[in-house]
Amino acid sequence: MSFFQFQNNNTQKNDLKMRRLKLLICGALLFIAFTTIGYRTVSLAGLNDKTVKNSFRSVNSKNLIHPFRGNILDRNNNLLATTVNISSLNINPQEVLDVNQTILKLKKIFPKLNREKLLQKLNSNKKHVQILREISPRDHVSLLKLGIEALKIESSKKRIYPNHSLASHVLGNTDIDGKGIAGIEKKFDKVLANGEDISISIHSGIQHITKTLLLEQINQFKAEGGAGIIMDTKNGEIYALVSLPDYNANNYNKLLGNKLFNKATKGIYELGSTLKLITAAVALESNLINENEVFDVSSPLRISSRTIRDYHPLNYAISIPEVVVHSSNIGSAKIAEKLGSSTQLKYLKSLGLMDKLSLELPELGRPQVRTDKKLLTTMTISYGHGISITPTHLASATATIVNNGIRVDPTLLISNSARKNKRIFSKKTSKTMRSIMRLVVSNKNGTAKQAEASGYLVGGKTGTAEKTNPAGGYFKKQNIVTLTSAFPMNNPRFVITVMIDNPKGSKRTAGWVAAPVVNKIVTRIAPILNIKPQTKSSVNFSRNLLKFKIRGKDKGAIL
Amino acid sequence: MIKYPSFLVVFLMIFTAVSLYQIKHFITKKEIELAETNKAIKTTQSDLYILHAELSYLKRPDRLEQIAKNKLNMKGILPIDIWNLKDLVDATKTFNESGL
């Protein structure tokens, strides 16, 4: 064997080894690839119900669980607004075989259909004619049973309000495309559009009671309208928010004008003497006035061009509790004079009476307060003139006064956690104010005697104010009457504020018109709210309340 | 003579093809099931929404009030109808103390 032959044999052996190695690598790669594909194939083939459900849930959860706009529920999960599928009845006139027979069949199910109009529709050249915009599921089944040719039942979504006018101003409404255009529907449009439900703090039963009793009084006194708010004094949750006149929320698009206007949160009014509560609370809180100080109210007070008078004049000097119980404008003006404009405006600001409410509604009124700091302005604001606020502002301020002085902001949502709010008045001032408010109702000289609901220790403050004339000045014979109250005054749980717009008749003061409403509301809602009546012999009856001497017109000392 | 690796490759290819066909068939069946379930859920949900709305309509406070007044002759609860047990004990005590 030559050297070259030996070398050639060696090269061939090496080539063979190399090829085998390459083949082995390729084989190994192919094996790995096929094993991987095979494993995946087997694992996919092993799909079970659980994996299908999981993937189904993750992909389709949104579409399936929330196919409609979210519901609005009250605090007890009663449905206030929902969306349902509705069917509309349409027909293709070109496919109708016998027009008369079709009309006969349709009239069997819908007797109210007009034959002439039907005839006109069925003889038209169109290919799609709507006969009825909404039909019930029962009618749908009847139509299928009759087997009318050319009929087309189309499905669409509709927002409905099963309680009709109940809380219509709170709920608001949606437009034809299902977009919120007013009330909660507008405020929480994004949340509701995502299919999420919203629970609001409204109590359907209490809302109905408030509305019914307020409406009775409005009808009795031929008033233009009114507002009523029931609010938890601790957390500001609104149980009832009524604005009258109201409307059937299912007919929203057909409505115009004042029915849509929310008097409770958007309307601003001069609420008269109810503001004396704030004046008295500020006087007690500030160190500018001595608690036992008296104010001479025996003669009218002339400031600039204006004379301040009392509705029930007294001929002696009266204390702060007496100013509130007798509702003395002169006394209130004199207190304000001592307080000064800056202190007054500071407290009005801290009570939220100079800003829009933080309520979850788009329809909110901005208060109008005169801030010129003139003495006359300070004096008139002290008894509720020169300051226009919404009835809900007043309810909020009342709640703050009776809630140990801690500010209460109204809310339409159920508060799951306690909010830490600012203290405006001391506990002592709050206790004194609660006692004075109780006297306004319980004392024989009080202006809200008709608000007394036996056993429930109602306290409050009335306000009768002449309506402001948009052209300037006041309407002398048109009043806004208001009562802001709380109960039970030994441990206030709820604030009730009632406002009635322009009651007619000789007795059109808050004491005659608004106070009886509060009495009836308290009597009806207290058992629902688990508030037990207390007898005079009960140890709790007057606990937490102070006694003040309230003198009458004849100066007699009455407790 | 068929070599062992080639046999394995052919076997895997046939296995893969059959498996893929089976999966496709299985998925198609599941998709139909899913569509049917989807439709059934939507119909049931729609029916539920209507039933809830109807229930809410029937539970309207004004309707219940009318039924309570006119059909059941019910009246509003007055404070005098509600007794606090503690007050009852106090009243009994007063009654005993007075010697009546």
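Residues numbered from 1 in each chain as written. Chains lettered and ligands numbered in written order. Predicted model: local features only at pLDDT ≥ 70, side-chain atom pairs only at ≥ 80, totals over all residues. Heavy atoms only, no water.

1. Quick look at the domain arrangement of chain A
Residues and elements named next belong to chain A.
At step 1: By domain assignment, chain A separates into domain 1 (72-164) and domain 2 (207-558).
At step 2: In this structure, domain 1 and domain 2 have C-alpha centres spaced 52 Å apart.
At step 3: For the pair domain 1 and domain 2, the summed buried surface comes to about 540 Å²; carbon and sulfur atoms form 47% of the total.
At step 4: On the domain 1 side of the contact with domain 2, Arg-75, Tyr-161 and His-164 bury the most area, a combined 93% of that side's loss. (Domains from an automatic or database assignment. Buried area = accessible area lost by both parts, 1.4 Å probe.)

2. A look at unusual backbone geometry
Residue and element names in this part refer to chain A.
At step 1: A cis geometry characterises the amide bond from Leu-244 onward to Pro-245, with omega recorded as 5°.
At step 2: Looking at the secondary structure, you find Pro-245 in the loop between strand S9 (238-244) and helix H10 (276-285).
At step 3: Across the junction of Phe-487 and Pro-488, the peptide omega takes the value -20°, indicating a cis bond.
At step 4: One non-glycine residue, Asn-77, lies in positive phi territory at about 65°. (Helix = DSSP H or I, 4+ residues; strand = E, 2+ residues; numbered from the N terminus.)

3. A closer look at the sheet that holds S9 of chain A
Paired through backbone hydrogen bonds, the strands of a sheet run either parallel or antiparallel to each other.
All names here are of chain A.
At step 1: With antiparallel pairing, five strands are arranged side by side in an open sheet as S9-S8-S18-S17-S16. A single partner strand is all that each edge strand has here, and the edge strands are S9 and strand S16 (459-468). Across the sheet, the mean angle from the axis of one strand to that of its neighbour is 10°, orientation sign disregarded.
At step 2: Across eight bridges, strand S8 (residues 225-232) lies against strand S18 (residues 494-501) in antiparallel orientation. Paired with Gly-225 across the two strands is Asp-501, which belongs to S18.
At step 3: Here helix H9 (residues 204-220) sits on the sheet in contact with S8, S9 and S18, set at roughly 30° to S9.
At step 4: Its contacts with the sheet place helix H15 (residues 391-402) against S8, S9, strand S17 (474-487) and S18, and it is angled at close to 150° to S18. (Pairing = 2+ DSSP bridges. Axes fitted to C-alpha atoms, helices over the stretch in contact; angles between N-to-C directions. Contact = heavy atoms within 4.5 Å.)

4. With respect to the interface of chain B and chain A
At step 1: At the junction of the two partners, chain B supplies 35 residues and chain A supplies 42 residues.
At step 2: Where chain B abuts chain A, roughly 3,300 Å² becomes buried across the two surfaces, and 70% of that area is made up of carbon and sulfur atoms.
At step 3: At the boundary of chain B with chain A, the tally comes to one salt bridge.
At step 4: One salt bridge connects Glu-65 of chain B with Arg-524 of chain A, and the closest N-O pair in it is separated by 3.2 Å.
At step 5: If you look at where chain B meets chain A, you find five residue pairs in polar contact (both at pLDDT 80 or more). (Salt bridge = Lys/Arg side-chain N within 4 Å of Asp/Glu carboxyl O. Polar contact = N/O pair within 3.5 Å; in protein donor to acceptor, adjacent residues only side chain to side chain.)

5. Comments concerning the environment of Asn-421 of chain A
Residues and elements named next belong to chain A.
At step 1: Considering the arrangement of structural elements, one finds Asn-421 in the loop between H15 and helix H16 (427-442).
At step 2: When the C-alpha atoms of Asn-421 and Val-408 are compared, they prove to be 7.2 Å apart, with 13 residues separating the residues in sequence.
At step 3: Apart from the residues lying within four places of it in its own chain, the contact partners of Asn-421 are Ile-406, Arg-407, Val-408 and Asp-409.
At step 4: A polar side-chain atom of Asn-421 sits 2.8 Å from the main-chain carbonyl oxygen of Arg-407.

6. A few points about the confidence of the model for chain B
At step 1: When pLDDT is averaged along chain B, the result is 83; 84% of the residues meet or exceed 70.
At step 2: At the low end of the mean pLDDT range in chain B sits helix H3 (residues 85-97) of chain B, at 66; at the high end sits helix H2 (residues 61-71) of chain B, at 94. (pLDDT = per-residue confidence, 0-100.)

7. A look at the pairing of S16 of chain A
Residues and elements named next belong to chain A.
At step 1: The element S16 is extensively covered by neighbouring structure, given that seven of its 10 residues are classed as buried.
At step 2: By the bridge criterion, nine bridges tie S16 to S17 in an arrangement that is antiparallel. Within S17, the position partnered with Thr-468 by the bridge is Tyr-474.
At step 3: Where S16 folds back on S17, the antiparallel hairpin that results is connected by five residues, among which Gly-472 adopts a positive phi of roughly 120°. (Buried < 20%, exposed > 50% of the residue type's maximum accessible area, 1.4 Å probe, protein only.)

8. Describing the pattern of salt bridges
Where charged atoms from two side chains of opposite charge approach closely, those side chains can pair.
Residue and element names in this part refer to chain A.
At step 1: Under the criterion given, the structure shown has 18 salt bridges over all chains.
At step 2: With a shortest N-O distance of 2.8 Å, Arg-159 and Glu-185 are connected by a salt bridge. With a gap of 26 residues between them, Arg-159 in strand S4 (residues 151-160) and Glu-185 in helix H7 (residues 183-187) connect regions that are remote in the sequence.
At step 3: For Arg-159, a relative accessible area of 11% gives the class buried.
At step 4: Overall, Glu-185 belongs to the buried group, its relative accessible area being 0%.
At step 5: Of the charged contacts in the structure, one is a salt bridge between Asp-246 and Lys-211, with a shortest N-O distance of 3.2 Å. On the criterion of sequence distance, the pair formed by Asp-246 in the loop between S9 and H10 and Lys-211 in helix H9 is long-range, its members being 35 residues apart.
At step 6: A relative accessible area of 15% means that Asp-246 is categorised as buried.
At step 7: Within the structure, one salt-bridge network assembled from shared partners comprises Arg-69, Arg-159, Glu-185 and Asp-189.

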